[in-house]
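Structure at a glance
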Amino acid sequence: MLKLILVRHATTKANEHKVFSGFYESEIGQKGIKEIEVLTKKIEDYTIDTIYASPSTRTIKTVQAIANKYNKEIYLEKDLREICFGDFEGLGLKEVEAKYPEEISKMIELGDDYSYPAGESLIQSYKRTAKWVDQMKQIHNNQTVLVCAHAGTIRNILSHLICQSPKLHWHFKIDNASLTIVTIDNDFAVVEALNNTSFINNMV
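Residues numbered from 1 in each chain as written. Predicted model: local features only at pLDDT ≥ 70, side-chain atom pairs only at ≥ 80, totals over all residues. Heavy atoms only, no water.

Inspection of every chain in the model, using the stated rule, returns 9 aromatic pairs. Note on Phe88 and Tyr116: the rings are 5.6 Å apart at their centroids and 80° apart in plane angle, and the pair reads as edge-to-face. Taken together, the positions of Phe88 in the loop between strand S3 (74-76) and helix H4 (93-99) and Tyr116 in the loop between helix H5 (101-110) and helix H6 (122-139) put the pair 28 residues apart, joining distant regions of the chain. On the basis of relative accessible area, Phe88 is assigned to the buried category, the value being 0%. With a relative accessible area of 13%, Tyr116 lands in the buried category. Site record: aromatic cluster; members linked through ring pairs are Phe20, Phe85, Phe88, Tyr100, Tyr114 and Tyr116. (Phe/Tyr/Trp six-rings, centres within 6.5 Å; stacked < 30°, edge-to-face > 60°. Helix = DSSP H or I, 4+ residues; strand = E, 2+ residues; numbered from the N terminus. Buried < 20%, exposed > 50% of the residue type's maximum accessible area, 1.4 Å probe, protein only.)

What follows deals with the side chain of Glu103. Note that Glu103 resides in helix H5. For Glu103, the residues in contact, after removing those within four places along its chain, are Phe88, Tyr114 and Pro117. (Contact = heavy atoms within 4.5 Å.)

Along strand S4 (residues 144-149), 6 of the 6 residues are buried, which leaves the element largely enclosed by surrounding structure. On S4, burial covers both faces: Thr144, Leu146 and Cys148 on one face and Val145, Val147 and Ala149 on the other are all buried. One ladder, built from 6 bridges, connects strand S1 (residues 2-8) with S4; its direction is parallel. In the strand pairing of S4, Lys3 is matched with Thr144. In the sheet, strand S2 (residues 50-53) pairs with S4 via 4 bridges, with the strands oriented parallel. Paired with Ala53 across the strands is Cys148, a residue of S4. (Pairing = 2+ DSSP bridges.)

Take unusual backbone geometry next. Located in the positive-phi region is Lys18, a residue other than glycine, with phi close to 55°. The topology assignment puts Lys18 in the loop between helix H1 (13-16) and helix H2 (30-42). For Lys18, a relative accessible area of 69% gives the class exposed. Phi angles above zero are rare outside glycine, and Asp187 is one such case at about 65°. On the secondary structure map, Asp187 appears in the loop between strand S5 (179-185) and strand S6 (188-196). Assessed through its relative accessible area of 58%, Asp187 is described here as exposed.

So, about the packing of H6 against helix H7 (residues 151-163). Across the interface, H6 lies against H7 with an axial gap of 9 Å and an inter-helix angle of 65°. Like other packed secondary-structure pairs, H6 and H7 cross with a definite hand, here right-handed. Every residue of H7 that contacts H6 at Leu122, Ser125, Tyr126, Thr129, Ala130, Val133, Asp134 and Lys137 is listed here: Thr153, Asn156, Ile157, His160 and Leu161. Broken down by class, the residue content of the contact of H6 with H7 amounts to 6 nonpolar, 5 polar and 2 charged. (Axes fitted to C-alpha atoms, helices over the stretch in contact; angles between N-to-C directions. Left-handed = near helix turned anticlockwise from the far one by under 90°. Nonpolar A, V, L, I, M, F, W, Y, C, P; charged D, E, K, R; others polar.)

Shown next as structure tokens:
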């Protein structure tokens, strides 16, 4: 049986300012620094065989202390990156509405097929994440794998494991520094914990 421990990166300055941050780099904020301390302590409850992360600075910094504690290498996977928001990167919603008013109606009309200008669509991000998940399952059967990534990436992983499509993507709430745990036995996935932040809420 494969156990996946899915961790969303700690709170960044971009999260605090509510701007689009997919491939966009943003520093961990003061709240996030404390979250990392608490998260690293919480992970001691588990035995970790392998650690993967997206190559974003925020995910690497979130999981670095955990990797050091377990003396594990962090394998960086570009397919674990958040969706690319293209020209919207680093902008807040009001700025997008002012600079790209025509894009808002397109976003509503096209839904998951909408591609951000100079970026990608949710469907495209799902496909690259799903491909990675399928490859990872073949390699790490009967192991516990920690994956530090982004809200969109974790939603993609969950939707793929449960229904092999992106249709459930928006049904999952994934907060910063949260833990989601999935076990997979013979390709049957069971979500044992979803968006657990109780340890953060109690201590931050």
